[in-house]
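Structure at a glance
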Amino acid sequence: MGADDTLHAPNVIEQAMKQLVNLDETTMIAYGAINYVYSDGRQKIWGPRWEIAKRHVRSRMPIPHQGVFHARSLFDRFGGFDTELQIAGDYKIIIQSLTIAEPVFLDNLCIANHHEGGKSSLRENRIKSLMEVRKIQTDYGYPITFDWLFTYTKGIIWTILIRARSALR
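Next up on the list: the pattern of salt bridges. Under the definition given, this model contains nine salt bridges. Arg 42 serves as the salt-bridge partner of Asp 40, at 2.8 Å between the closest nitrogen and oxygen. Classification of Asp 40 by relative accessible area gives exposed; the value is 54%. A salt bridge links Asp 76 to Arg 72; its shortest N-O distance comes to 3.3 Å. Of this pair, Asp 76 and Arg 72 both sit in helix H3 (residues 72–78), four residues apart, which is roughly one turn of that helix. When sorted by exposure, Asp 76 lands in the same class as Arg 72, which is exposed. Residues joined in a network through salt bridges with shared partners are Arg 49, Glu 51 and Asp 107.

The next subject is the pairing of strand S5 (residues 104–115). Along any regular strand the residues' side chains alternate between the sheet's two faces. Bridge count between strand S1 (residues 6–7) and S5: two bridges; the pairing is antiparallel. Each bridged residue has a counterpart across the sheet, and for Thr 6 the counterpart in S5 is Asn 113. Inspection of the sheet shows strand S2 (residues 29–37) paired to S5 by seven bridges, in the parallel sense. Of the residues in S5, the one forming a bridge with Ala 30 is Val 104.

As a further point, take the layout of surface pockets. Reported here for the second largest pocket is a volume of approximately 160 Å³. Of all elements in the fold, only S2 and strand S4 (68–70) reach the threshold of two or more residues within the lining of the second largest pocket. When the residues that make up the lining of the second largest pocket are grouped by side-chain class, the tally is seven nonpolar, two polar and two charged.

So, how was this worked out
Residues numbered from 1 in each chain as written. Predicted model: local features only at pLDDT ≥ 70, side-chain atom pairs only at ≥ 80, totals over all residues. Heavy atoms only, no water. Salt bridge = Lys/Arg side-chain N within 4 Å of Asp/Glu carboxyl O. Buried < 20%, exposed > 50% of the residue type's maximum accessible area, 1.4 Å probe, protein only. Helix = DSSP H or I, 4+ residues; strand = E, 2+ residues; numbered from the N terminus. Pairing = 2+ DSSP bridges. 1 Å grid on protein atoms, 1.4 Å probe; cavity = no way out; pocket = protein on both sides within 12 Å on 5 of 7 lines; lining within 4 Å. Points joined across faces, edges and corners; volume = space filled by probe spheres on them. Nonpolar A, V, L, I, M, F, W, Y, C, P; charged D, E, K, R; others polar.

If you want it as structure tokens, here you go:
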């Protein structure tokens, strides 16, 4: 979880443990949904089942990292988070885990409240984030996807618009 994220309910860890103890030993990552809290106060529960999320794993972070539980053996095998990655470290851990087993979705469980405005969601960090994701994808042999290219192009356009707007002031 990020600095401003909170547990969704006081007993959420206890609820998660009831499902986690029954997972196969090869499971490296289990995750639940998150409550995304917008800056205007709106809220949205988000967290796709793996059957849906895996369609996007070669393009972007497909699951809410604030709701992820990592097996200790994952870090024993690959080491800790890559400190050279300022934004996409969670994505790299997900990609590494896929070399062992697919993540498991924890049914009917909202893990965390995630507040809009974190480093990875800020428009000014979009290109940096996408480039970190692309480096990880390249390291693991993933080709550029249309989804990634579209998002990158959108990020470039936003960057140009933001700079043009600043220059006009």
